[in-house]
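# Close look at the chain arrangement
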Amino acid sequence: MKTSDFTATLLVDPTPEEAFKSINSVSKWWSEDFEGSTAGLNDIFTVRFGEVFITSKVVELVPGRKIVWQVLDCNKPWLKNTKEWNDTKMSWEISVKENKTQIRFTHIGLVSEVECFEVCSKAWSQYLQHSLLGLITTGEGQPTPKENKTRATKKSEVITAG
């Protein structure tokens with residue numbers, strides 16, 4: 001029996017080039033806590049969600065047509081295997097279908113047999129159908145906000161006896 005990778009498809013009015021640009025604008029639809037670059041082949045980037053992180057490499061990049069990211073390292077602390085996404089790939093295939101732009105997303109390696117499948121599939125669906133779709137169609141995504149890492153310091157009061 002063949003195992004199916006998580007897959008989702010979006011159909012939008014903007015051009016394939018606009019969709020391509022939006023997908024690569026990771027901090028505008030996935031996580032604002034973003035380091036690195038998605039602009040070129042072999043670029044490396046990291047997204048963070050608190051103590052969760054995913055570091056990926058751009059392994060395929062065909063402007064307006066295809067993007068593939070390979071996960072190099074990750075931390076998903078709620079899983080038994082915190083590195084479950086390592087060596088999985090996120091593939092974006094962009095094409096024209098009936099005068100619309102079709103985006104077919106596949107997370108290769110995110111299959112029903114892995115512990116993260118249910119939770120991660122729901123999260124992908126939310127990011128794709130709401131955040132990325134919004135970014136592509138209206139220019140406004142809904143990325144996870146960057147956590148404020150600065151801690152409040154206690155104010156000290158000095159009282160002088162007079």
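Now for a look at the structure at hand. (Residues numbered from 1 in each chain as written. Predicted model: local features only at pLDDT ≥ 70, side-chain atom pairs only at ≥ 80, totals over all residues. Heavy atoms only, no water.)

### Looking at the overall build of the protein
Here is the rule we go by: Numbering goes from the N terminus for both helices and strands, where a helix is a DSSP run of H or I of at least four residues and a strand is a run of E of at least two. Note that the radius of gyration is over C-alpha atoms, with the globule rule given as 2.2 Å times the number of residues to the power 0.38. Burial classes: relative accessible area under 20% of the type maximum marks a residue as buried, over 50% as exposed, and values in between as partly exposed (1.4 Å probe, protein chains only). Only the protein chains shown count as cover for residues, with accessible areas throughout obtained via the Shrake-Rupley method and a probe of 1.4 Å. Counting rule for charge: Lys and Arg are taken as positive, Asp and Glu as negative, and neither His nor the chain ends is counted. For the purpose of locating charges, the reference atoms are NZ of Lys, CZ of Arg, CG of Asp and CD of Glu.
Looking only at helices and strands, the protein features 2 helices and 7 strands. Along the chain direction, N to C, the helices and strands of the protein fall in the order β-α-β-β-β-β-β-β-α. Computed over C-alpha atoms, the radius of gyration of the protein comes to 19 Å, more than 25% over the 15 Å expected from 2.2 N^0.38 for 162 residues, which places it beyond the range of a compact globule. Once the C-alpha set of the protein is aligned to its principal axes, its extents read approximately 85 × 35 × 30 Å. Considering the protein as a whole, with its 162 residues, one finds that 40% of them fall into the buried category. Approximately 9800 Å² of the protein is accessible, and the part contributed by carbon and sulfur atoms is 49%. Considering the protein, the positive charge centre built from 20 side chains and the negative charge centre built from 21 side chains are found 2 Å apart.

### Some details on the pairing of strand β7 (residues 100-111)
So the rule is basically this: Pairing between strands is defined by DSSP: at least two bridges between them are needed.
The sheet contact formed by strand β1 (residues 5-12) and β7 spans 8 bridges and is antiparallel. Bridge pairing links V12 to T101 in β7. As paired strands, strand β6 (residues 89-97) and β7 are joined by 9 bridges and run antiparallel to one another. Across the sheet, residue W92 finds its bridge partner in β7, namely F105. Joining the antiparallel neighbours β6 and β7 is a turn of 2 residues, in which E98 adopts a positive phi near 50 degrees.

### Considering helix α1 (residues 16-23)
Applied cut-off: The arc refers to the directions leading from the helix axis to the C-beta atoms. The contact rule is simple, with two residues in contact once any of their heavy atoms fall within 4.5 Å.
Within α1, the full set of buried residues consists of P16, A19, F20, S22 and I23. Burial along α1 is one-sided: seen end-on, the buried residues are contained in an arc of 165 degrees. Among the exposed residues of α1, those pointing more than 90 degrees away from its buried face are E17 and K21. Where the residues of α1 are buried, they touch β4 (52-62), β5 (66-75), β6, β7 and α2 (117-138).

### Remarks on the sheet that holds strand β3 (residues 44-49)
What counts is decided by this rule: Axes, fitted as lines to C-alpha atoms, cover a helix only where it is in contact. Angles between the N-to-C directions of the axes lie from 0 to 180 degrees.
Spatially, 7 strands are ordered β1-β7-β6-β5-β4-β3-β2 in an open sheet, and the strand pairing comes out antiparallel. For this open sheet the edge positions go to β1 and β2 (34-36), each flanked by a neighbour on one side alone. Pairs of neighbouring strands in the sheet enclose a mean axial angle of 20 degrees, with direction left out of account. Here β5 pairs with β6 via 5 bridges, running antiparallel. Residue pairing in the sheet places Q70 in a bridge with K89 of β6. Most of the contacts of α1 go to β6, to which it runs at about 160 degrees, and overall it touches β4, β5, β6 and β7. Against the sheet, α2 touches β1, β3, β6 and β7, its axis set at about 15 degrees to β1.

### Quick look at the state of the cysteines
Keep this limit in mind: To count as a disulfide, a pair of cysteine sulfur atoms needs to be within 2.5 Å.
Tallied over the full model, the rule gives 1 disulfide. Note on cysteine connectivity: C116 is disulfide-linked to C120, with sulfurs 1.5 Å apart. Each member of the pair, C116 together with C120, is buried. Sulfur of C74: no disulfide; nearest cysteine sulfur belongs to C116 and is 8.7 Å away. For C74, a relative accessible area of 0% gives the class buried.

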